Amino acid sequence: MARIVVVGGGYGGVTVAKGLDPLADVVLVEQKDQFVHHAAALRAAVDEVWEHAIFMPYSNLLDRGTVLQGTAARVSGTTVEVFGHDPIEADYIILATGSTYPFPAKYSSSRATVAKARIEQLHQDLASAQSVMLVGGGTVGIEMAGELSNAFPGIQITIVEKGPDVLSTPGYSDALRAELRRQLDDLGVRVVTGAELSYLPPHNVGELGHFTVATKAGEHIEADIWFQCHGSRANTGYLDGTEYQELLHPDGTVRVEPTLQVQGHPTVYAIGDITDVRESKRADAARQQARVVISNISRQLEGEAPDTTYQPTKEWVVLPLGPTLGASQLVDAEGQTRIVGPEQTAEIKGTDLMVSVIRSQLNLP
Ligand SMILES: Cc1cc2nc3c(=O)[nH]c(=O)nc-3n(C[C@H](O)[C@H](O)[C@H](O)COP(=O)(O)OP(=O)(O)OC[C@H]3O[C@@H](n4cnc5c(N)ncnc54)[C@H](O)[C@@H]3O)c2cc1C
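Quick caveat, the model's predicted, so the values are computed rather than measured.

## Regarding the domain arrangement of the protein chain
Here the protein chain is described as being made up of domain 1 (3-31 + 70-101 + 232-301) and domain 2 (112-231 + 314-361). Relative to domain 2, the C-alpha centre of domain 1 lies at a distance of 30 Å. Listed as interface residues are 13 residues of domain 1 and, on the opposing side, 11 residues of domain 2. Surface buried jointly by domain 1 and domain 2 totals about 940 Å² across both partners, of which 48% is contributed by carbon and sulfur atoms. For the pair domain 1 and domain 2, the number of links is 1 salt bridge. A salt bridge links glutamate 315 to arginine 282; the nearest nitrogen and oxygen atoms lie 3.9 Å apart. Here domain 1 and domain 2 share 5 residue pairs in polar contact (both at pLDDT 80 or more) between them.

And the structure:
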């Protein structure tokens, strides 16, 4: 039976491992001891009930295959080297190691207990803070502002954005920006655009400590705590010094074919945040890419050539501002973009933050 090694058990890795489990000997290599549902991490940052809901065990995921807890140190040719384990020889490899992001959107620790302790400390710090500065007015900065203002009414929030408006990613409509600006304004969130900080606060991200910083234009911003809401980076360091290194872009993403095969390597695939597919990185895209890879490897296992390709969709985003507010840019079946407001945004994501979908995927009750 063919051995398939999936490196990284996030949204994409879990989908592809589960889909191929009935067909092959699947080994899912994941450094964390629990699945982390990042899409709900900003609610967890402010709410202790959610702090537990975002960590989920991998124990029910695979019927036949194995989840190996460990960090892939190097992937070279068809060999996956995992710290503390014998090298694993694979017939197919799927790279799904996602990206890093500053706390509290993502956690660096592999242990859920350590990450939870860090979140609990944050809850205490936020309870004592009267003002917060969010550096970056993209999706994370805006969502964080909504969560903070819902959980800590009265807390003063300032978003500092160096672009001319929030959500500077091309593909988001001005109508979406305007609706979010209106809601942020209603919540009393101050948004300073076209502003770059001259220097960063002296305290670490997410640690209590009053500070004043200045923008390059000379505007002063004071707060008790701050968060860096930008700076995602693809996790592909384990490809350094291997034949795959030449396929890495400077931002760490990997060059893939439309079939999601890593260029020049027909039995090695990449999915999710580490690919150089030109679209904003999303969990649903990672899952959709996983389905493409399941189809292609299924064909290869039958001796056929892979023929399913991944086509990025028009940009869409669901952006809650806490459980009941927010706005979304959706794309309908005809490819038309429309903007929806708080009610539908809460229905799609804001209320349950898609926890039930993920639990069902992990075969959890
Ligand atoms: C705050 C926040 C909210 C978001 N909300 C949404 C949303 O509402 N909808 C949406 O579609 N997207 C959302 N996203 C984006 C989404 O989380 C990412 O696009 C998605 O996680 C990408 O999935 P992935 O499978 O590529 O990587 P990930 O989900 O990041 O998984 C990668 C996995 O690989 C593991 N790993 C990394 N390196 C190694 C290694 N060397 N060895 C072993 N394991 C390794 C990691 O521990 C991790 O578990 C959000 C992101 C953030 C930060």
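## Things to note about helix H5 (residues 139-151)
If you check H5, its first and last C-alpha atoms are 18 Å apart, about what 13 residues at 1.5 Å a residue would give, namely 18 Å. Among the 13 residues that make up H5, 10 are buried, leaving the element largely enclosed by the rest of the structure. What H5 keeps buried is the set Val140, Gly141, Ile142, Glu143, Met144, Ala145, Gly146, Glu147, Leu148 and Ser149.

Calculation criteria
- Residues numbered from 1 in each chain as written.
- Predicted model: local features only at pLDDT ≥ 70, side-chain atom pairs only at ≥ 80, totals over all residues.
- Heavy atoms only, no water.
- Domains from an automatic or database assignment.
- Contact = heavy atoms within 4.5 Å.
- Buried area = accessible area lost by both parts, 1.4 Å probe.
- Salt bridge = Lys/Arg side-chain N within 4 Å of Asp/Glu carboxyl O.
- Polar contact = N/O pair within 3.5 Å; in protein donor to acceptor, adjacent residues only side chain to side chain.
- Helix = DSSP H or I, 4+ residues; strand = E, 2+ residues; numbered from the N terminus.
- Expected span 1.5 Å × (residues − 1).
- Buried < 20%, exposed > 50% of the residue type's maximum accessible area, 1.4 Å probe, protein only.

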